[in-house]
Amino acid sequence: MQTYFRRDAITSCNQHEAVYDQRLLLVLDGTDLVGAAVHALTEADDPAGFRERALVAYAVGVDHQGKSLSDGRRASTAVLEAVFMDIVSRHVEEQVVFLHASVHPANEASRTVLSRHGIQRRSTNGDYLVHSTRIR
């Protein structure tokens, strides 16, 4: 994950921004980088119907994992709330928006964080568990 953010995230967001509305979010606590996330429209997105976004990447810095920020929120909560707020800001109020995330079954920490925020396991896709929630 760290390699993706360091080497690929900015380039990928710049390349896919126009087609998939790909967004790179950085979450700070004061001057500390707490975490980062990337979300984008999926190929199944239907501008005339249900909007579909994927949580492409999500990470909380090692020093902040399992910790609270200066405002009392968990670091993982701050990152996911930033994603939710950004998604809501991208779509008009009448649109139904779903967020999907694919997680390796061995990644218990990510599955727990997603579940804590209402992003529940819905299916499988190859070696990955697909989690999903309706944002609005």
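Predicted model only: the values in this text are computed from it and were never measured.

So, how was this worked out
- Residues numbered from 1 in each chain as written.
- Predicted model: local features only at pLDDT ≥ 70, side-chain atom pairs only at ≥ 80, totals over all residues.
- Heavy atoms only, no water.
- Helix = DSSP H or I, 4+ residues; strand = E, 2+ residues; numbered from the N terminus.
- Rg over C-alpha atoms; globule rule 2.2 N^0.38 Å.
- Buried < 20%, exposed > 50% of the residue type's maximum accessible area, 1.4 Å probe, protein only.
- Areas by Shrake-Rupley, 256 points an atom, 1.4 Å probe, with all protein chains shown as cover.
- Lys, Arg positive; Asp, Glu negative; His and termini not counted.
- Charge placed at Lys NZ, Arg CZ, Asp CG, Glu CD.
- Arc of directions from axis to C-beta.
- Contact = heavy atoms within 4.5 Å.
- Phe/Tyr/Trp six-rings, centres within 6.5 Å; stacked < 30°, edge-to-face > 60°.
- Expected span 1.5 Å × (residues − 1).

Chemist: Before we go on, may I ask you to explain the overall build of the protein in this structure?
Modeler: What the protein contains, in helices and strands, is 3 helices and 6 strands. Taking 136 residues into account, the globule formula puts the C-alpha radius of gyration at 14 Å, and the protein, at 15 Å, falls close to it. Each of the three principal axes of the protein carries a C-alpha extent, and together these read 40 × 30 × 30 Å. Split into buried and exposed, the 136 residues of the protein put 43% on the buried side. Surface summary for the protein: the accessible area is close to 8000 Å², and the carbon and sulfur share equals 49%. The distance from the centre of the 15 positive side-chain charges to the centre of the 17 negative ones in the protein is 4 Å.

Chemist: Would you mind going over helix α3 (residues 108–116) with me for this structure?
Modeler: Note on helix geometry: an α-helix contains 3.6 residues per turn, so any two residues three or four positions apart are oriented the same way. Residues of α3 that are buried include every one of Ser110, Val113 and Leu114, and no others. Looking straight down α3, one finds that the buried residues subtend no more than 100 degrees of arc, so they occupy a single side. Residues of α3 that are buried sit in contact with β3 (51–60), α2 (75–90), β4 (97–103) and β6 (128–134). Looking at the residues trailing α3, positive phi occurs at glycine 118, about 80 degrees.

Chemist: Looking at this structure, how should I read the packing of aromatic side chains?
Modeler: The description of an aromatic ring pair rests on the distance of the ring centres and on the angle between the ring planes. Evaluated as defined, the whole model comprises 1 aromatic pair. Judged by centre distance (5.6 Å) and plane angle (85 degrees), the ring pair of phenylalanine 50 and phenylalanine 98 falls under edge-to-face. Note that phenylalanine 50 is positioned in the loop between β2 (32–41) and β3 and phenylalanine 98 in strand β4, a separation of 48 residues in sequence. The class for phenylalanine 98 is partly exposed, based on a relative accessible area of 21%.

Chemist: Teacher, can you tell me more about α2 here?
Modeler: Compared with the 22 Å implied by 1.5 Å per residue over 16 residues, the 23 Å span of α2 between its first and last C-alpha is a close match. Along α2, the residues classified as buried are Ala75, Ser76, Thr77, Ala78, Val79, Leu80, Ala82, Val83, Phe84, Asp86 and Ile87. Buried-residue contacts for α2 involve β1 (23–29), β2, β3, β4 and α3.

None of the figures reported here should be taken as evidence of function without further support.
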